[in-house]
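Per-entry structural report
Each chain, letter by letter, is given below.
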Amino acid sequence: MAILLSMKPHLMEHWRRALLAVDPTLEIRMFPESGPPEEIEVAVCWTSHDMNELRRYPKLKLIVSMGAGVDHLLRPPGPPPGIPVARLVDTMLTTQMGEWVLLNVLRFHRQDLEYRAQQRDRVWEELEAPVTAARRVGILGLGELGSHAAKLIAGIGFPVGGWSRRPKTVPGVESFHGQDGLDALARRSDILVCLLPLTPETRGVIDARLLALLPRGAFVINGARGGHLVDADLLAALDQGRVAGAALDVFQPEPLPAEHAYWTHPGVVMTPHAASITIPESAAPQVVENIRRVREGRVPINLVDFAAGY
Ligand code: NAP
């Protein structure tokens, strides 16, 4: 029985080596060379793989997302009926995202956009000192990534609140949930960070309505998915000065077209979906663990809840 990898060719080779380092007995096929369809029992894929193609493998027991998000696997046509989907929960993914969020929280808090503009114009002028305890950060999504980022930011003295589907206890972080909770959190967020999964409920959550609830001059940080943000609404809020800056790692579509306003907007800082990148050596042990589990008829770890959509 074999494992099918499907992602960019250089990544597939990297993943193959990482999986074999954990279990040298694995039989690994690299798409499109999948061999006899009845031999494939686990598929490890990323965004480009067509879920209809996976219906060709009659013995498929598990699909693994190559990252933390699974929106690309769940959108229509979705995975073959009855096949579970697992995602990655990985310390290195969590650490990287925490660093990216912290970088941007500090960038905005420490007036870096203004100081960079001053440097460009050779202006020597000190701005008003920022007060950490007065800069309230709101985090949408208090899961693996969101709760880590929340603790990191709270740990250096920012007042942090977080929004989740169900009430949540994260030390040092005020918990908000439900529609009322979202609005209450937005009203007290000088910096709003999105680390939600993309589901039908969360698509477009950062829209004109939510942006209007933020304190004037707030900042927006999106490290989740481009679909969470209504781009036209953010650009309007930036241009009207209601939002003072945005740090964006994710876009729709990706890559972001060269003519998009974000590329040159003075209030926007961009990274190319690089906030948190899967490191195969770090993620391979949990994938091998799941291969063993499905072979032994045990329940895989990090399973996606299809009803919740993440
Ligand atoms: P996770 O552990 O599944 O956490 C998701 C969080 O969102 C949970 O707190 C959940 O609430 C909350 N949530 C989901 N739907 C909600 C709703 N309708 N209303 C309120 N809260 C809701 O996910 P994760 O591992 O932290 O990852 C989050 C996302 O980050 C991924 O899905 C992916 O899209 C993105 N990501 C981006 C990058 C990058 O490089 N830019 C890298 C990795 C991941 P409960 O706690 O109540 O369940």
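Above this note sits the structure.
These remarks concern the structure in this document. Per chain, residues are indexed from 1 in the order of the written sequence. The model is predicted, so local features are restricted to residues of pLDDT at least 70 and side-chain atom pairs to those at 80 or more, both for listing and for counting; the totals for chains, interfaces and linings are taken over all residues. Calculated side-chain values reflect all of the structure's heavy atoms, with hydrogen atoms and water omitted.

A cutoff of 4 Å decides nearness: a residue is near a molecule or strand if any of its heavy atoms lies inside that distance of it. Contacts to the ligand come from 28 residues, most closely from Arg87, Leu145, Arg166, Asp249 and Tyr310. A distance of 3.1 Å separates an oxygen atom of the ligand from a polar side-chain atom of Lys168. Polar contacts here mean pairs of N or O atoms no more than 3.5 Å apart (in protein, one a potential hydrogen donor and the other a potential acceptor; neighbouring residues in sequence count only if both atoms are side-chain atoms). Asp249 is positioned with one of its side-chain polar atoms (N or O) 2.8 Å from a nitrogen atom of the ligand. Calculation on the ligand without its partners gives an accessible area of 950 Å², and the protein chains cover 93% of this total. When contributions to the shell around the ligand are tallied by element, the ones reaching two or more residues are α5 (144–155) and β7 (160–164). The class makeup of the residues in the shell around the ligand is 12 nonpolar, eight polar and eight charged. Where accessible areas are quoted, they stem from the Shrake-Rupley method and a 1.4 Å probe; at the residue level, only the protein chains shown are allowed to cover. Secondary structure follows DSSP: runs of H or I at least 4 residues long count as helices, runs of E at least 2 residues long count as strands, and numbering of each begins at the N terminus. Just so you know the grouping, Ala, Val, Leu, Ile, Met, Phe, Trp, Tyr, Cys and Pro go in nonpolar, Asp, Glu, Lys and Arg go in charged, and all remaining residues, Gly too, go in polar.

Turning next to empty space enclosed by the protein. In this analysis the probe radius is 1.4 Å and the grid spacing 1 Å, with only protein atoms considered; a cavity is a set of points the probe fits into but cannot get out of, a pocket is an open set with protein on both sides within 12 Å along at least five of seven lines, and lining residues have an atom within 4 Å of a point. Grid points are joined across faces, edges and corners, and a volume is the space filled by probe spheres set on the points. Per the counting criterion, the structure on display carries one cavity of 30 Å³ or more. Counted as a void, the largest cavity has a volume near 40 Å³. Surrounding the largest cavity, Ala68, Arg87, Leu88, Val89, Asp90, Leu93, Thr94, Glu144 and Leu145 form its lining. Secondary structure elements with two or more residues in the lining of the largest cavity: α3 (91–109) and α5. Partitioning the lining of the largest cavity into residue classes produces five nonpolar, one polar and three charged.

What describes two packed helices is the angle between their axes and the distance between those same axes. Angles shown run from 0 to 180 degrees and are taken between the N-to-C directions of axes, each axis being a line fitted to C-alpha atoms and, for helices, limited to the stretch in contact. Two elements in contact, helix α1 (residues 9–22) and helix α9 (residues 280–295), have axes whose closest approach is 8 Å; the angle formed by their N-to-C orientations is 60°. In terms of axis orientation, α1 runs oblique to α9. With respect to the hand of their crossing, α1 and α9 are arranged in right-handed fashion. Only Pro280, Glu281, Ala283, Ala284, Pro285, Val287, Val288 and Arg292 of α9 make contact with α1, whose side of the interface consists of His14, Trp15, Ala18, Leu19 and Val22. The residue makeup of the contact of α1 with α9, split by class, is 10 nonpolar, one polar and two charged. Orientation categories follow fixed angle ranges, with anything under 35 degrees roughly parallel, anything over 145 roughly antiparallel, 65 to 115 roughly perpendicular, and all other angles oblique. The hand of a helix crossing depends on one turn: near helix anticlockwise from the far one by less than a right angle means left-handed, and clockwise means right-handed. In what follows, a contact means two residues having at least one pair of non-hydrogen atoms within 4.5 Å.

Our focus in this paragraph is the sheet that holds strand β2 (residues 28–30). Read across the sheet, five strands follow the order β2-β1-β3-β4-β5 without closing on themselves; strand pairing throughout is parallel. Of all strands in the sheet, those bounded by a partner on one side alone are β2 and β5 (85–86). Sheet analysis places strand β1 (residues 2–6) next to β2, joined by three bridges and oriented parallel. Looking at the pairing, Leu5 lines up with Met30 of β2. When DSSP locates at least two bridges between a pair of strands, those strands are taken to pair.

Next up on the list: unusual backbone geometry. The peptide bond linking Pro76 to Pro77 adopts the cis configuration, its omega dihedral lying at 10°. Although it is not a glycine, Arg122 sits at a positive phi angle of roughly 55°. Within the secondary structure, Arg122 is located in the loop between α4 (112–120) and β6 (137–140). Even without being a glycine, Asn302 presents a positive backbone phi close to 55°. Considering the arrangement of structural elements, one finds Asn302 in the segment after α9.

By this rule the span expected of a helix is its residue count minus one, scaled by 1.5 Å. Its 12 residues give α5 an end-to-end C-alpha distance of 17 Å, which sits within 8% of 16 Å, the value for a rise of 1.5 Å per residue. Here the term buried applies to any residue with accessible area under 20% of the maximum for its type, exposed to any over 50%, and partly exposed to those in between, with areas from a 1.4 Å probe on protein chains only. Listed as buried for α5 are Leu145, Gly146, Ser147, Ala149, Ala150 and Ile153. Contacts made by the buried residues of α5 are with α3, β6, β7 and β8 (173–177). In the stretch just after α5, Gly157 is the one whose phi turns positive, near 110°.

Time to look at the layout of surface pockets. Over the atoms rolls a probe the size of a water molecule, and in doing so it shows where empty space is left. Computed from the structure, the second largest pocket encloses a volume of approximately 170 Å³. Every residue along the wall of the second largest pocket is listed here: Arg107, Asp112, Leu113, Arg116, Ala117, Arg120, Pro266, Val268 and Val269. Among the elements of the structure, α4 and β12 (268–270) are those that each provide at least two residues to the lining of the second largest pocket. Per-element accounting of the lining of the second largest pocket gives the leading share, five residues, to α4. By residue class, the composition of the lining of the second largest pocket is five nonpolar, no polar and four charged.

Take helix α6 (residues 178–187) next. Turning to α6, its buried residues number three or more, namely Gly181, Leu182, Asp183, Leu185 and Ala186. Where α6 is buried, its residues contact β6, β7, β8 and α7 (208–213).

On to the packing of α3 against α5, then. Look at α3 against α5: their axes get within 9 Å of each other, and the N-to-C directions meet at 50°. Here α3 is positioned oblique relative to α5, judged by the angle of their axes. Between α3 and α5 the crossing geometry is right-handed. The residues of α5 that touch α3, namely those facing Leu93, Thr94, Thr95, Met97, Gly98, Glu99, Val101, Leu102 and Val105, are Glu144, Leu145, His148, Ala149, Leu152 and Ile153. Of the residues that constitute the contact of α3 with α5, the class distribution is nine nonpolar, four polar and two charged.

Scope: geometric values only; no functional claims are made or implied.
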